[in-house]
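What the coordinates show
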Amino acid sequence: MTVSAVVMSGIDKRFGAVHANKSVDLDVAKGSIHGLIGENGAGKSTLMSILFGFYAADSGTITVDGKAVSIRSSADAISHGIGMVHQHFMLVDTFTVVENVMLGAEGGALTARGEALTRARLKELGKTYGLEVPLDTLVSELTVGELQRVEILKALVRDARVLILDEPTAVLTPTEVEQLFVMLRRLRDEGKTVIIVTHKLKEIMAVTDRVSVMRRGEMVAHLDTAATSPEALAEAMVGRRVVLRVDKGPAKPGATILTVRGLTVKDEKGVTRVNDVSLSVRAGEIVGIAGVSGNGQSELLEVLAGLRAPLKGEILLEGRPVESAAKNESKRLRKMGLRHVPEDRHRLGLVKEFSASESAILGCHDEAGYGSGPFLDAAAIRRDCEVKMSAFDVRPANPDLKTALFSGGNQQKIVLAREIERDPILLLVGQPTRGVDIGAIEFIHKRLIELRDRGKAILLVSVELDEIMALSDRILVMCAGEITGERTPERTDERDLGLLMAGVRERAA
Amino acid sequence: MSAQARGELPLWYSAGLVPVLNVACAFLVAGLVVLAIGASPIDAVRILLRGALGSPYGIGYTLYYATTFIFTGLAVAIAFHAGHFNIGGEGQSLLGGLGIALVVLNLAFLPSPLLILLTIAGAALLGAAWAFIPGWLQAYRGSHVVITTIMFNFLAFGLLGYLLVGPMKRPDSMSLETLPFVEGARLFRADEILGWMGIAMPRTPLNLSFALALLCALFTWVLVWRTRLGYEIRTVGANPTAAHYAGISSKRITVIVMLMGGAFAGMMATNEILGVQQRLIADFTAGAGFVGIAVALMGRGHPVGIVLASLLFGVLYQGGAELAFDMPLMTKDMIIVIQGLVILFAGALENMFRERIAGWIFRKPVEVAP
């Protein structure tokens, strides 16, 4: 008979008409790693936010270590031994590790005593769990993996017995993910309870003991990890059979469309983000750029799209030079047949305050079809949007609905529809499936392959290795602004790419 | 799922109930202030409304004040759509007045209709030119328009003061004013126009510039929601990075909206200078540029809202004047207190009730799903 660390029963939560949690039950065994999996909007974040006191449930009970508790704030949650590591780290960059950990527990007006206590605790915890970090280093100088360790330590210093990790692997290299899993297993073996919230099936399979699956606000399955499979989990998440593999024939590359030579880019602070990068993309192939986020891929994409000026280097689109520093270059490139699905659809790709039909003409608003002279033709724009919405299965198919009110996947489909339907000769795609449901991922992948098979050149940037492996005909790996290697998907694996992503270059050559 | 269920509030609520509630609150608090000085709030409201709307005379004055506020409100709103806060309406209006005076005093020999068209153009042009400098500085040098437009208000006062004691001063007068305009440079008053149609109306300052103001409101609506340029303006205002992605130059848009805002503010002078004063005087704006900020906020940047908010302020100005006349306790300063409360509740505290009451009506919690 196992002992429960956390039992949530009959948890119900509504946000207006959105029923985020429908009488959800969750039982997490003490000293286990429990996975919570579901698509975006399935209600897993809401459930964890209720457990950590960010929201109050409309009804339902929570039991921690056998005692019924009422959790009204994160302070309550911490006092009951619950700690949370957020997807976006909540650290002060200009503080050292010790200062960050003691934040909120300084121990009075003078910090000396609190600091000494924290330091002692951190050393002890570091030994017990193998969570060692340099204590007096500024947080801004740590690697992402170390930052995450600091977050975990913050929870442990406050005597967390139950640790919630929200999408912990999103920003890690495969090697760092492995290290995280080793740490989590050690925490479990020392008697801690870990809850991992994720949408990555592979990680659930690798590290959890049990897994709970949520779909549309309901808990649909509790499974022993050993007794299930990724396919079964995907089916439970989506509610129908999902093809995890992308079907695609071999590429038939044609003429070179994009050539980049010796491209170097510095950001506003003068830091080199892209260093001497050369690459080419041919018609009818998908070139994937793999890498941990923040290694120069974003800047590379922006320069190629004419949105950012490079320091030096040469870019040719069908042999014609791209001058990203020039005024209105993105407009000119669009006319030349370059289309761009930006990495961050909220920042670049859409205007959330606009109706869907207005967002669907962003960057194309000066095309003749959308009006005459200085005027826009609202009816034509609406019709155009309706056609795109049905072609890309955008739901709800309502061109007048505000862009912000669509789910992430449907917003992404609006951007893709806008860019793909213009029949580009080169498509730049950044993170095409970030924050997108499994069902929509399948759809988006199919569209990209279709476009490739129509002889278009595609440059894909993604931090999802599975996506890179599934779609690319050639894979380039970026680390610290440089290309550390080139592979074909048939002749590489995750380990190999992981090493390149971490900057370990190939010996040969 | 309907838009409403996903967090969108219906129009009758956000554009109807909320503003009415805000104004009601302002009057409630104003009522308490009136009580505190020992006057009757009920009487005050009665006199205010009767004074503003109870007679053709009152209505004429109310619309005359509203005309001014429509211009200065649009001046703030158009820039606001591109994310900029043009609070230089005061100075831009003064320059508009200067534009009118320059045209009339130099081209008085022209036939009346042509002269009037040129004066309107002159008002718009000089107002726009005055706003161009802060706009250009914002776009290309990163100087914040809020700071620069405030400074340009002072510069405008200084410039007009200098011209009216010096080069443009009427030689035989003690006051700061130019020579009177020729008769051909006068906008027809509403009572004259109605008189031709056989409708009697007492003489009020309400003049043809009211129609010009409504035309400007219509122009703004078409521009912002029906043209490619308006699309670009709204994109820059709502998401500047997306505008960059779309190949829209935020700098160009910044300069354009400031030019337009300056032109609207400049045309305000047609009401005051061309319609009423018939000469350029100092300080004729009397704070109308600042009332325009409140009007634009209350009208939520929409031309219809701006016209309605301008009418409200027209009522407050005209009714307030009557109130000061009829109730000795209600001094001019008290009227300013009431106007200030309306600005406070309708402009600055605009969002105070919005979410809370929406929660009661639509059972929508304030917190938002992650």
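Bringing the overall build of chain A into the picture now. Each helix and strand counted, chain A has 17 helices and 20 strands in total. For chain A, the C-alpha radius of gyration of 24 Å lies close to 23 Å, the compact-globule estimate for 509 residues. In terms of its C-alpha atoms, chain A occupies a principal-axis envelope of roughly 70 × 50 × 50 Å. Buried residues in chain A amount to 53% of all 509 residues. Considering only contacts within chain A whose residues lie at least 6 apart along the sequence, 66% involve residues at least 24 apart. Split by element, the accessible area of chain A, about 21600 Å² in all, is 51% carbon and sulfur. Positive and negative charge centroids in chain A, built from 67 and 70 side chains respectively, lie 1 Å apart.

This part covers the domain arrangement of chain A. All names here are of chain A. According to the domain assignment, chain A contains domain 1 (4-238) and domain 2 (256-501). Averaged C-alpha coordinates put domain 1 and domain 2 at centres separated by 33 Å. Each partner contributes to the roughly 950 Å² buried at the junction of domain 1 and domain 2, and carbon and sulfur atoms together form 56% of this total. The largest per-residue losses of area from domain 1 upon contact with domain 2 belong to Asn 40, Pro 174 and Lys 202, which jointly make up 42% of the total buried on that side. At the boundary of domain 1 and domain 2, one finds three salt bridges. A salt bridge links Lys 202 to Glu 494; the shortest N-O distance between them is 2.7 Å.

Before going further, it helps to examine the interface of chain A and chain B. Listed by partner, the interface residues are 46 residues for chain A and 29 residues for chain B. Carbon and sulfur atoms supply 56% of the area that chain A and chain B bury against each other, a total of about 3200 Å² over both sides. Area buried by chain A at its contact with chain B is led by A:His365, A:Leu376 and A:Leu405, which between them contribute 19% of it. At the junction of chain A and chain B, the tally comes to one salt bridge. In this assembly, chain A and chain B are joined by 21 residue pairs in polar contact (both at pLDDT 80 or more). Mapped by element, the contributors of at least two residues to the side of chain A that touches chain B are strand 1 (4-15), helix 10 (329-335), helix 11 (345-349), helix 12 (356-359) and helix 14 (408-420) of chain A. Across the side of chain A that touches chain B, the residue classes break down as 21 nonpolar, 14 polar and 11 charged.

With that settled, consider unusual backbone geometry. Residues and elements named next belong to chain A. Going from Arg 395 to Pro 396, the amide bond is cis rather than trans, its omega being -10 degrees. Following the sequence through the fold, Pro 396 ends up in the loop between helix 13 (378-391) and helix 14. Positive phi is not limited to glycine here, since Asp 65 has a value of about 50 degrees. Its place among the elements puts Asp 65 in the loop between strand 4 (59-64) and strand 5 (67-69). Relative accessible area serves as the criterion here: at 29%, Asp 65 is assigned to the partly exposed category. Unusually for a residue other than glycine, Glu 167 sits at a positive phi of about 45 degrees.

Another point: the packing of helix 5 (residues 112-141) of chain B against helix 11 (residues 250-277) of chain B. All names here are of chain B. Two elements in contact, helix 5 and helix 11, have axes separated by 6 Å at closest approach and are oriented at 145 degrees. For the element pair helix 5 and helix 11, the recorded crossing hand is right-handed. Taken together, the residues of the contact of helix 5 with helix 11 sort by class into 16 nonpolar, eight polar and two charged.

Bringing the pattern of salt bridges into the picture now. Residues and elements named next belong to chain A. Enumeration over the complete set of coordinates arrives at 49 salt bridges over all chains. The salt bridge involving Arg 119 is made with Glu 115; its shortest N-O contact spans 2.9 Å. Of the two residues, Arg 119 and Glu 115 are both situated in helix 4 (residues 112-129); the distance of four residues between them amounts to about one turn of the helix. One network of salt bridges, with partners in common, ties together Glu 268, Glu 302, Arg 308, Asp 344 and Arg 347.

The rules behind the values
Residues numbered from 1 in each chain as written. Chains lettered and ligands numbered in written order. Predicted model: local features only at pLDDT ≥ 70, side-chain atom pairs only at ≥ 80, totals over all residues. Heavy atoms only, no water. Helix = DSSP H or I, 4+ residues; strand = E, 2+ residues; numbered from the N terminus. Rg over C-alpha atoms; globule rule 2.2 N^0.38 Å. Buried < 20%, exposed > 50% of the residue type's maximum accessible area, 1.4 Å probe, protein only. Contact = heavy atoms within 4.5 Å. Areas by Shrake-Rupley, 256 points an atom, 1.4 Å probe, with all protein chains shown as cover. Lys, Arg positive; Asp, Glu negative; His and termini not counted. Charge placed at Lys NZ, Arg CZ, Asp CG, Glu CD. Domains from an automatic or database assignment. Buried area = accessible area lost by both parts, 1.4 Å probe. Salt bridge = Lys/Arg side-chain N within 4 Å of Asp/Glu carboxyl O. Polar contact = N/O pair within 3.5 Å; in protein donor to acceptor, adjacent residues only side chain to side chain. Nonpolar A, V, L, I, M, F, W, Y, C, P; charged D, E, K, R; others polar. Axes fitted to C-alpha atoms, helices over the stretch in contact; angles between N-to-C directions. Left-handed = near helix turned anticlockwise from the far one by under 90°.

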